Every structure is written in structure tokens, then in C-alpha cells.
Amino acid sequence: MKSIYSFSYPELEQEMLSLGQTRYRAKQIYAWLYKRDVTSFDEMTDISKAFREELKSRYDFYVPECTLRQESKDGTIKSLFRMKDGEEVESVLMHYVYGYAVCVSSQVGCNMSCAFCASGLLKKKRNLLPEEMMGQVLSYDRLLKKKNPDLRVSHVVVMGTGEPFDNYDNVLSFLRNVNSPFGLDIGARHITVSTCGIIPGILRFGKEGLQVNLAISLHAPDDVRREKLMPIDRAYPLTELIPAVIQYYKDSGGRRCTFEYVLIKDFNDSIADAKKLYDLIYPTHGFVNLIPLNPVKEKGLFRSDEKTIDAFHNYLLSKGIKSTIRKEFGSDIDAACGQLRAKHERK
Ligand code: SAH
């Protein structure tokens, strides 16, 4: 059976018309699903009993079930979700001064095999459906509301397990529901999609007419080193990626992307590397988010020390590049990419 959460707003309007109803039905149903958090059609009291029965016979309320929840001392909550077919994904809720952000997974496993990332330890099994990504956000949104009716998820980042542009249509459909005033109504500027650099996805994304933020995992200032960290660099090298980002900037009406750069001790963290990074990204108008590495001991990858991170950061700032150091959350609860699920599966 199809989940009622699988429909985008325009799709649900079409569906209602095809059932001989008016478009208004979509608005009513959406309000129940996304604003009033009901879990059955019987609760939709402004819809006639007869039509509720028809809805029941056609759709269910499937969103993945939360099977494990860990709360960190800093308030970070990491959850594991089980899907209909038994597959599991993880998500994280982070509490910032400006609100609550959910880091959403977009695939079961990931095929990108980045050397530093725990998610890639489990190969991609399948793409997630829009309702499976939405379920991750709704679960936290409802948890927050239960704690305090004034709280809600305010930011969504597609930066969990998986490569969103390897699941483009489902991710976009999910994001439209997150953003829709009839859906979760989270402002586009509060939504970020992070890609390892799939060029066709970046170019397509630039033409969507959305105000959603784009982040690009760069992690090295040249192809020789980037290839070592990220196999995708062979398909989409920097010589093609950077022009694509410039094209994205033009097509999107001047949207500036954020380059994520994980700092690895003695690998990509020297001032010479910072200069190389500056020269590389200067033409794109992009920002930089520096990420202290969660060490991967088996691969001999370690975190740069604080002084080195600060020096790298200050170099970029001195060149006028807007740059931040990523705040760390939940280091006591395996909150880094793929750690929880990987651990759970090993058991
Ligand atoms: N496939 C997408 C989204 C998932 S990875 C992408 O590549 O952008 C998102 C981010 O997780 C990466 O950019 C990286 O910044 C972060 N990440 C993964 N492993 C990490 C680790 N060991 N330490 C710190 N950050 C990590």
C-alpha cells in the first residue's frame, strides 16, 4: 500500500482530483499530517466518514519506526530508524543557539567509499523514499513538541548516510515537502544538501529555482590527494567540479555554496594547502566549513591539532574567505556518520 506521506503537495492535489474530490482535500490532509501530527484517517474529522474509509482502503501512514535513541550530554540525539523492509538508517538532532537541526540520511549505506567516512563501510543497499526521509524529521519534530509545544525542528541538513545526488528525485520531493507552507514549512534557507561532488546533480540543482543551500565535500585542494580520499574524484575531478560550481552560482542567481573541508593531520592541513584551497575556490564565491576529523585509526587518519586548525582558518579569513570551524556534537554517542548503524550491525 502507498504511504500518504509519499505524496508531494501538488501530487496529492492531483490524486484527490482523480478520486473525484476537490483540490482543497489535499490542503486538509496535509494539515492533519504535518501540523496536527495525526496517525490515522479517523482523526481527520473535517473529512466525511465515507471518504475517510476510501482513504483507508488506499493508503497507509507508513514512516520508518524509531528503534533506538541515544541522547548525548550536550543534548544531541542520535536515532536509528527501521524501514518496512527491515533496513536501518540513522539520523541526528543537534541543538544550536538558533534552533534544532536534523541531519537526515538519504540512502541505506553509501557507495562513495570516502576513506574517512564510517558510512561507506556499508555499501549502498537502496535509495530512501521521500516518506522515509520525512519520517526521520517528523520523529524528532514530534519528540520536541512532546517536551515543549513551542519547540520544533527548524533546520534540515541532508548530510547523513548516503549521497543525495545519487537519489536526486526522492531527495528533491522530500525537500519540497519540508519547505512547503502546507508541509513542515521550514524556510529554504534553513535547508542544506551536501554532495560529494556529483556534477550533473549540482548543475540540475542550480536550475531548480530553490533557495536551498548547497554544500560540497571538497576535503583536498588538488586531485592527487582528493582521489586518495574520495574515489568519486576520478569521475568528477576538480578541474570539472569547480567550473560546475561557478555555473551553479550563475544559474541559481548568485547562491554561494559551502565547501566542506575535513582537516587531516599532516595530509591537507598546512598553510600551503590553505593557500591552494583559496586559489581553487576563490572564483566560486564559496564559503568554507572546516571540519575536525573524527579519527579513522584503521586508515591512519588523524585529526589536526587545534593550533593547526586555527592557523588554517585564520589564513582563509585573512584572504577574505568566509570560513567557520564545525562545532562538534555528541562525541560520546557515536554521532559521526554511520557509526551507530555500523556498530549495531556488527552486533
Ligand atoms: N555524501 C554527502 C553527504 C554525506 S557525508 C557528501 O559527501 O557530502 C557528509 C559529511 O560528513 C562529509 O562532508 C564530511 O564532512 C562528514 N564526515 C564524514 N566522515 C567524517 C569523519 N570521520 N570526520 C568528520 N566528518 C566526517
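What counts and how
Residues numbered from 1 in each chain as written. Predicted model: local features only at pLDDT ≥ 70, side-chain atom pairs only at ≥ 80, totals over all residues. Heavy atoms only, no water. Helix = DSSP H or I, 4+ residues; strand = E, 2+ residues; numbered from the N terminus. Buried < 20%, exposed > 50% of the residue type's maximum accessible area, 1.4 Å probe, protein only. Contact = heavy atoms within 4.5 Å. Areas by Shrake-Rupley, 256 points an atom, 1.4 Å probe, with all protein chains shown as cover. Lys, Arg positive; Asp, Glu negative; His and termini not counted. Charge placed at Lys NZ, Arg CZ, Asp CG, Glu CD. Salt bridge = Lys/Arg side-chain N within 4 Å of Asp/Glu carboxyl O. Pairing = 2+ DSSP bridges. Near = heavy atom within 4 Å. Polar contact = N/O pair within 3.5 Å; in protein donor to acceptor, adjacent residues only side chain to side chain. Nonpolar A, V, L, I, M, F, W, Y, C, P; charged D, E, K, R; others polar. Core = buried A, V, L, I, M, F, W, Y, C linked by side-chain atoms within 4.5 Å. Axes fitted to C-alpha atoms, helices over the stretch in contact; angles between N-to-C directions. Right-handed = clockwise from strand over helix to strand, strands pointing away.

Caption draft 1: Representation of the overall build of the chain in the model. Across its full length, the chain holds twelve helices and 14 strands. A principal-axis box enclosing the C-alpha atoms of the chain has dimensions of 70 × 45 × 35 Å. Counting only residues that meet the buried cut, the chain has 54% of its 347 residues in that class. In the chain, the share of contacts with a sequence separation of at least 24, taken over all contacts with a separation of at least 6, comes to 65%. Element-wise, carbon and sulfur atoms account for 52% of the exposed surface of the chain, whose accessible area totals about 15400 Å². Taking the average location of the 50 positive side-chain charges in the chain and that of its 45 negative ones, the two points are 1 Å from each other.

Caption draft 2: The pattern of salt bridges, seen in detail. Within this structure, the stated rule accounts for 28 salt bridges. Linking E260 and R326 is a salt bridge whose minimum nitrogen-to-oxygen distance equals 2.9 Å. With E260 in strand β12 (residues 258–263) and R326 in the loop between β14 (323–325) and α12 (339–346), the pair connects residues that are 66 residues apart, well separated along the chain. For E260, a relative accessible area of 4% gives the class buried.

Caption draft 3: Seen up close, the pairing of strand β4 (residues 77–82). β4 sits mainly inside the fold: five of its six residues count as buried. Two strands pair when backbone bridges link them, and strand β3 (residues 65–71) and β4 are joined in this way by six bridges, in the antiparallel orientation. Within β4, the residue paired with L68 across the bridge is L80. The antiparallel pairing of β3 with β4 creates a hairpin that spans five residues between the two strands, and G75 there sits at a positive phi of about 95°. Relative to strand β5 (residues 88–96), β4 runs antiparallel, the two being bridged by six bridges.

Caption draft 4: Summary view of the site of the ligand. Taken together, 19 residues form the shell around the ligand, and within it F116, S194, S217, I291 and N294 come nearest. A distance of 2.9 Å separates a nitrogen atom of the ligand from a polar side-chain atom of E163. About the coverage of the ligand: the protein hides 93% of its 530 Å² of free accessible area. Secondary structure elements with two or more residues in the shell around the ligand: β10 (191–195), β12 and β13 (287–292). Of the residues assigned to the shell around the ligand, the class counts are nine nonpolar, seven polar and three charged.

Caption draft 5: Focus on the nonpolar core. Within the largest apolar cluster, 100 residues are counted, with the highest numbers of intra-cluster contacts made by I4, F174 and F205. Ranked by residue count, the leading element in this core is helix α4 (residues 130–147), at seven residues. Ranked by size, the runner-up nonpolar core spans six residues in total, among them V92, M94, A101 and V157.

Caption draft 6: Representation of the sheet that holds β12. With mixed pairing, ten strands are arranged side by side in an open sheet as β3-β4-β5-β6-β9-β10-β11-β12-β13-β14. Unpaired on one side and paired on the other, β3 and β14 mark the two borders of the sheet. Going across the sheet, the axis of each strand differs from the next one's by a mean of 25°, ignoring polarity. Lying on the sheet, α4 is in contact with β3, β4, β5, β6 (99–103) and β9 (153–158); it crosses β4 at an angle near 130°.

Caption draft 7: Quick peek at the pairing of strand β11 (residues 213–217). For β11, the buried fraction is high: four of the five residues fall into the buried class. Both β10 and β11 contribute to a ladder of four bridges, which runs parallel. Within β11, the residue paired with V193 across the bridge is L214. In this fold, the crossover linking β10 to β11 by way of helix α6 (residues 199–206) has right-handed handedness. Inspection of the sheet shows β11 paired to β12 by three bridges, in the parallel sense. Considered in β12, the bridge of I216 is made with F259.

It is worth stressing that arrangement in space is one thing and function is another; only the former is reported here.
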